[in-house]
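One-letter residues, chain by chain:
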Amino acid sequence: MTSSDRSQTVDVTRTYAVRTYGCQMNVHDSERLSGLLEDAGYVRAPEGADEADIVVFNTCAVRENADNKLYGNLGRLAPVKARRPGMQIAVGGCLAQKDRDTIVKKAPWVDVVFGTHNIGKLPVLLERARVQEEAQVEIAESLEAFPSTLPTRRESAYAAWVSISVGCNNTCTFCIVPALRGKEKDRRPGDILAEIEALVGEGVSEITLLGQNVNAYGSDIGDREAFSKLLRACGTIEGLERVRFTSPHPRDFTDDVIAAMAETPNVMPQLHMPLQSGSDTVLKAMRRSYRQERFLGIIEKVRAAIPHAAISTDIIVGFPGETEEDFEQTLHVVREARFAQAFTFQYSKRPGTPAAEMADQIPKEVVQARYERLVALQEEISWEENKKQVGRTLEVMVAEGEGRKDDATRRLSGRAPDNRLVHFTRPDEPVRPGDVVTVEITYAAPHHLLAEGPVAAVRRTRAGDAWEKRDTARSAKPAGVMLGLPGIGAPAPLPPAESGCAVGG
C-alpha cells in the first residue's frame, strides 16, 4: 500500500466496529484493522452499540458452518443498512480469502471483501466503494507487506501480541490455513526486537510471540536455531517481565528451545503444544510429522528442565477413520502428559481440505460420546494438577475483564507465571491491570485457582501506569455506541485457536 493510500481519510467523523471470529492471529489482525481505520480518520464507537457506520467482519474458515454464521450475521445487518444511508459493511479474513466473489453474490449489500494478505487496503477499499457506489472485491494471492508494519490499535495497555511470522509450510489434512494464509514468511529478528522494545517503552510488560508455527521460525531465513535465539534476546530487554509464545509444532520442537525457555528468566513456565491425536495411525492420516513417542518425549524433556511448567494442548476427536483403539491412544497420551488444560474439538469438515473427502467419516453420535469421555478425563486431570498449586505463593499479573464474578465476590483476577487463572481477594490499596500482586493459593478448581487470604504484596508497575493513563483518556471521551471487538486483556487469556486454524499448530 502506498503512502497516499494510507493517508486517505473520510470527510466526517464516522464510527467503526470490528467483529472477530477464530484464532489469536485473527484477533491480532483485528487490532491492525482497528488501527488502520483510526489512522484513516474513523472513530471506534464505544461498547454496546446496535449500529456503527462501518462494520467489519474478520472471519474464520476453520469450522464447517463458518459461512452460515457469516451470512446469518450479514442478513441481520441488511435491514439496518437499508435504513442508514452511508453505512458500509466489509468482510475480511480466511473465509473472505476462500469465498471471494461468493460473498457479494450471496450478500450484495456488502461493500468490501478483502483477504488475509491485503488487510492494509481496507480504508482505501471503503473509500473506493463509497465513491464508485459499487462493491470492491480485492483478494491478494501473496503477502503485500508484513502486517506488523501497519498501524495497530492494541487492545491491552500492559500486554501485547507480536507476530514473528505469517503463513505455514505444513500440510495437515484437516487444515485449510496454508491455502488461505500462504507459505511461511519470517520477520527479521531485528524488526521483532525493535517492536518489542517500542512496546516496552510504552509500558507493556508482557508479550506473546505469535505465528502459525512459532518454532519453525528461521526456516525462511536459514537459521534453525533462530527461535531459541529470539527467546534469549527477549531476555535482555529491560522492563519486559513476561514472554510467552503460541503455538509450536512438535515436529520443530528442538532441545535448544527447551534450554532457552529454562535459562531465560522472563520466558514463562508455560507451553501450549497441539497434540491433535495420540494415535500414530491418525497422526499419519493427519500428516502430522511426529508420533506419540516423540510428543511424550518432548513433554518429558520440558518437565525435566522446567519442573513447574504448565502444559496445554489441542485435541481433535473423531477424525475420519479414527477407531476406538485410536481414541484410547489419545486418552493414554492425556493420562501420561497430564495437561494443565486441553482445548478439545469434535472433528469438523473444512471444505477444501483432504480430510473432508476421506472415507470413514465418524458418525456424530460416536464423536460426541468420545468427546464427552475425553473432556471428563481432562477435567479430572486439570483439577488434580491445580490442587498441586494449593499452598504455593505466586506472583500474579492483574488482568482486565478476566473474572466475570469479581464485582460480586469482591475479588480481582490475573494470571500466574504459568498462565493459570487466579482469583484473589481485593487488597485495601489500589491495584490496576498490569500491576503484580503476591498471593498464596488456598483453593483449586479445574479451571482456576483462588487466593482467599490477604494479598501479601502489591507491586505497582509501569504497565499499570500505562493502563491507568489509557483508562483516564478513555473515560474523558464522550459516550457513544458500538458493536465492537470484544474487550481483551492480556493476550494469554484469550480463547485458544480453533484446531487447524492459524496458530493451532
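Keep in mind the model is a prediction, meaning the values are calculated, not measured.

Scoring rules and cut-offs
- Residues numbered from 1 in each chain as written.
- Predicted model: local features only at pLDDT ≥ 70, side-chain atom pairs only at ≥ 80, totals over all residues.
- Heavy atoms only, no water.
- Core = buried A, V, L, I, M, F, W, Y, C linked by side-chain atoms within 4.5 Å.
- Buried < 20%, exposed > 50% of the residue type's maximum accessible area, 1.4 Å probe, protein only.
- Helix = DSSP H or I, 4+ residues; strand = E, 2+ residues; numbered from the N terminus.
- Contact = heavy atoms within 4.5 Å.
- pLDDT = per-residue confidence, 0-100.
- Salt bridge = Lys/Arg side-chain N within 4 Å of Asp/Glu carboxyl O.
- Axes fitted to C-alpha atoms, helices over the stretch in contact; angles between N-to-C directions.
- Parallel < 35°, antiparallel > 145°, perpendicular 65-115°, else oblique.
- Nonpolar A, V, L, I, M, F, W, Y, C, P; charged D, E, K, R; others polar.

### Things to note about the nonpolar core
Membership of the largest hydrophobic core comes to 65 residues, with the highest contact counts inside it found for I196, L209, F227, L231, F253, M261 and V302. Per-element accounting of this core gives the leading share, six residues, to helix 9 (residues 226–234). The residues contacting M261, other than those within four sequence positions of it, are L231, F245, F253, V267, Q270, L271 and I306. Judged by nonpolar contacts, the second largest core, of 24 residues, contains I89, I103, V104 and V110.

### Observations regarding the confidence of the model for the protein chain
A low pLDDT score tells you not to read the predicted coordinates there in detail. Counting all residues, the mean pLDDT for the protein chain is 86, and 88% of those residues have values of 70 or more. For the stretch residues 1–11, pLDDT sits under 50, and the model shows 21 contacts to residues farther than four places along the chain or on other chains. Note that pLDDT drops below 50 for residues 478–503; the model gives that stretch 98 contacts with residues more than four away or on any other chain.

### Section: the pattern of salt bridges
All chains considered together, the criterion is met by 26 salt bridges. Close ionic contact of K121 with E138 constitutes a salt bridge, the shortest N to O distance being 3.1 Å. You can see K121 sitting in the loop between strand 5 (112–114) and helix 6 (122–132) and its partner E138 sitting in strand 6 (residues 136–138), a full 17 residues away along the chain. A salt bridge links K301 to D255; the nearest nitrogen and oxygen atoms lie 3.1 Å apart. With K301 in helix 12 (residues 292–305) and D255 in helix 10 (residues 255–263), this residue pair connects regions lying 46 residues apart in the sequence. Under the relative-accessibility criterion, D255 is labelled partly exposed at 48%.

### Re the packing of helix 13 (residues 324–337) against helix 14 (residues 364–387)
Relative to each other, helix 13 and helix 14 sit at 10°, their axes nearing to 10 Å. On the basis of the axis angle, helix 13 is roughly parallel to helix 14. Note on element contacts: helix 14 touches helix 13 through R370, R373, L374, L377, Q378 and I381, opposite E324, F327, E328, L331, V334 and R335. Considering only residue class, the contact of helix 13 with helix 14 consists of six nonpolar, one polar and five charged.

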